[in-house]
Amino acid sequence: MRWTLVTEDFPPNFIGGIATWVYELASALHEQGESVCVFARKTKNCHTFDAQAPFPIYRMYGRSWAKYKSLWVKLALLRHKTEILLFANWELATKITPSTNGNRMWVAAHGSDITRPGIHLPSLKSMVPKVEYWLPVSQYLKGILHRYIGQQSYVVIPMPIPIAPSPTVFRADKPLLLIARKTPFKGIDASLSLAQQLKRPLWIIGHNGSDTGWVRYLGTLSLRDTRKTISQSAAVLLLSQTDSKGFFGEGLGLSLLEAAAEGVIGIGSQTGGIPEAIGPGLVIDPSKPNLDEIESALCDPTRGVAAWKWIQKNHGKERAVSALRKLR
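The structure contained in this document is the topic of the report that follows. (Residues numbered from 1 in each chain as written. Predicted model: local features only at pLDDT ≥ 70, side-chain atom pairs only at ≥ 80, totals over all residues. Heavy atoms only, no water.)

## Notes on the overall build of the protein
(1) Moving on: Each helix and strand counted, the protein has 14 helices and 12 strands in total.
(2) Moving on: The C-alpha radius of gyration computed for the protein amounts to 20 Å, which stays within 12% of the reference 20 Å derived for 328 residues, consistent with globular compactness.
(3) Moving on: When its C-alpha atoms are laid out on the principal axes, the protein stretches across 60 × 40 × 35 Å.
(4) Moving on: Considering only contacts in the protein between residues 6 or more positions apart, those separated by 24 or more positions represent 64%.
(5) Moving on: Put simply, the protein shows about 15000 Å² of open surface, and 50% of that area lies on carbon and sulfur atoms.
(6) Moving on: Of the side chains in the protein, 39 bear a positive and 25 a negative charge, and the two mean positions are spaced by 8 Å. (Helix = DSSP H or I, 4+ residues; strand = E, 2+ residues; numbered from the N terminus. Rg over C-alpha atoms; globule rule 2.2 N^0.38 Å. Contact = heavy atoms within 4.5 Å. Areas by Shrake-Rupley, 256 points an atom, 1.4 Å probe, with all protein chains shown as cover. Lys, Arg positive; Asp, Glu negative; His and termini not counted. Charge placed at Lys NZ, Arg CZ, Asp CG, Glu CD.)

The following block contains the structure:
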């Protein structure tokens, strides 16, 4: 079986949810003996990273990428033969005809690709005859796709996340951690407020800011350094929100799964797919958090172990590959 994963976001210059998902899925397929390659958007300083990857990476580029990216993807794949074309989101695949590039087309959904306003529904619906399987990363996103394009072959596969061999050592005085881009929907202000109410230090990965006595901005970190930092935290926060019309819901909450994989609990809001990623963590109302309940969870050494055991049963590289193999 030959797998081709196609993405706009990919390391080293992208480290968000889509980039991480594609990289970890390609790594998992390779580790399980599958033939896999990745077509990714060309970015600066990617040559060293690509040369060290265990699978082939082909970089795509073209002028006015935001406007014409589906055309540049089509041209990049024109002479590429494969068995399964797996696109990270539907917009990259609108100009692809499966019969000319591969026998089968699968399309994932991660969040903003279908939760933001202004989705061009005619283009999305035009994909329906081409796509064999839709792979939303959560039941929440499956529901949105169903609302847009009706009954299709939807499969929510486990996240191909690497799981630590043992949970991190518990220590009650570790800081809280937030991993988020600086957008109005990631709940940054709510996380700052919660940390202040709990009188606990907060580390923030994903953007820069001015450190204070209790807030430390770590900027953008690599996947490896991000997971190392997660293991040094007491909990990972994800207090995302939607806009007034319900758009921009969190697709799943990768940082919460990364936390569980290290044996760290997650604390999230009741938004989008977050409850599906929280496991034994806490779902809270950021506007009126129960501080006693949260503090009790943070001081409980069994909660992180429970999160680590939960993710082993529900996610991981082997489970993700096994689920994909069943579809072929």
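## So, helix H12 (residues 291-298)
(1) Moving on: All of the buried residues along H12 are Ile294, Ala297 and Leu298. Around the axis of H12, the buried residues are gathered within 100° of arc, so they sit on the same side.
(2) Moving on: Looking at the buried residues of H12, the elements they touch are strand E7 (176-179), helix H8 (188-198), strand E10 (235-238), strand E11 (265-269), strand E12 (282-284) and helix H13 (301-314).
(3) Moving on: One side-chain oxygen of the residue at the start of H12 lies 3.2 Å from the amide nitrogen of Asp292, identifying that residue as Asn290. (Buried < 20%, exposed > 50% of the residue type's maximum accessible area, 1.4 Å probe, protein only. Arc of directions from axis to C-beta. Polar contact = N/O pair within 3.5 Å; in protein donor to acceptor, adjacent residues only side chain to side chain.)

## Concerning the packing of H8 against H12
(1) Moving on: The geometry of H8 relative to H12 is characterised by a closest axis approach of 11 Å and an angle of 80° between their N-to-C directions. The orientation of H8 relative to H12 falls into the category roughly perpendicular. Mapping the contact onto sequence places Leu194, Gln197 and Leu198 in H8 and Leu291, Ile294, Glu295 and Leu298 in H12.
(2) Moving on: Looking at side-chain class alone, the contact of H8 with H12 contains five nonpolar, one polar and one charged residues. (Axes fitted to C-alpha atoms, helices over the stretch in contact; angles between N-to-C directions. Parallel < 35°, antiparallel > 145°, perpendicular 65-115°, else oblique. Nonpolar A, V, L, I, M, F, W, Y, C, P; charged D, E, K, R; others polar.)

## Points about the pattern of salt bridges
(1) Moving on: Within this structure, the stated rule accounts for 14 salt bridges.
(2) Moving on: For Glu24, the salt bridge is made with Arg227, and the minimal N-O distance between the two is 2.7 Å. Of this pair, Glu24 sits in helix H1 (residues 17-31) while Arg227 sits in helix H9 (residues 223-231), placing them 203 residues apart in sequence. Comparing Glu24 with Arg227 shows no difference in burial state: the two are buried. (Salt bridge = Lys/Arg side-chain N within 4 Å of Asp/Glu carboxyl O.)

## Quick word on the side chain of His110
(1) Moving on: Positionally, His110 belongs in the loop between strand E5 (102-109) and helix H5 (112-115).
(2) Moving on: A residue is classified by how much of its surface remains accessible, and His110, at 13% relative accessible area, is buried.
(3) Moving on: In this structure the side chain of His110 is engaged in a polar contact, spanning 3.5 Å, whose partner is the backbone oxygen of Ala88.

## What about the nonpolar core?
(1) Moving on: Residues Leu5, Phe87, Trp134 and Leu135 are the most contacted members of the largest nonpolar core, which totals 86 residues.
(2) Moving on: When residues of this core are assigned to their parent elements, the largest contribution, eight residues, is made by H1.
(3) Moving on: Apart from the residues lying within four places of it in its own chain, the contact partners of Trp134 are Trp90, Val107, Leu124, Met127, Val128, Leu145, Ile149, Gln152, Ser153, Tyr154 and Val155.
(4) Moving on: If you look at the next biggest cluster of nonpolar residues, it comprises 23 residues, including Leu176, Leu192, Ile204 and Ala235. (Core = buried A, V, L, I, M, F, W, Y, C linked by side-chain atoms within 4.5 Å.)

## Notes on the side chain of Ser27
(1) Moving on: Positionally, Ser27 belongs in helix H1.
(2) Moving on: When neighbours within four sequence positions are excluded, Ser27 is seen to be in contact with Phe55 and Lys317.

## Structural notes on H13
(1) Moving on: Among the residues making up H13, those that are buried are Gly304, Ala307, Trp308, Trp310 and Ile311. The buried residues of H13 occupy an angular sector of 160° when projected down its axis, which confines them to one face.
(2) Moving on: If you follow the buried residues of H13, they end up packed against helix H10 (254-261), E11 and helix H11 (274-277).
(3) Moving on: Following H13 by one or two positions, Gly316 has its phi on the positive side, about 115°.

## Comments concerning a nonpolar patch on the surface
(1) Moving on: A grouping of Tyr68, Leu71, Leu75 and Leu78 is seen on the molecular surface, where their side chains present a nonpolar patch of about 340 Å² in accessible area.
(2) Moving on: Within the secondary structure layout, Leu78 lies in the loop between helix H3 (65-77) and strand E4 (82-87).
(3) Moving on: Taking relative accessible area as the criterion, Leu78 reaches 44% and is therefore assigned partly exposed. (Patch = residues over 30% accessible without salt bridge, like charges linked within 9 Å, V, L, I, M, F, W, Y side chains within 5 Å.)

## Things to note about the environment of Leu75
(1) Moving on: Inspection of the secondary structure puts Leu75 in helix H3.
(2) Moving on: Linking Leu75 and Lys288, residues 213 residues apart in sequence, is a C-alpha distance of 52 Å.

## Examining the sheet that holds E10
(1) Moving on: Read across the sheet, six strands follow the order E9-E8-E7-E10-E11-E12 without closing on themselves; strand pairing throughout is parallel. The open sheet is flanked by strand E9 (215-219) and E12, the only strands paired with a single partner. Adjacent strand axes in the sheet meet at a mean angle of 25° when their direction is disregarded.
(2) Moving on: Bridge count for E7 against strand E8 (residues 202-205) is four bridges, and the pairing is parallel. (Pairing = 2+ DSSP bridges.)

That's the geometry; what it means functionally is another story.
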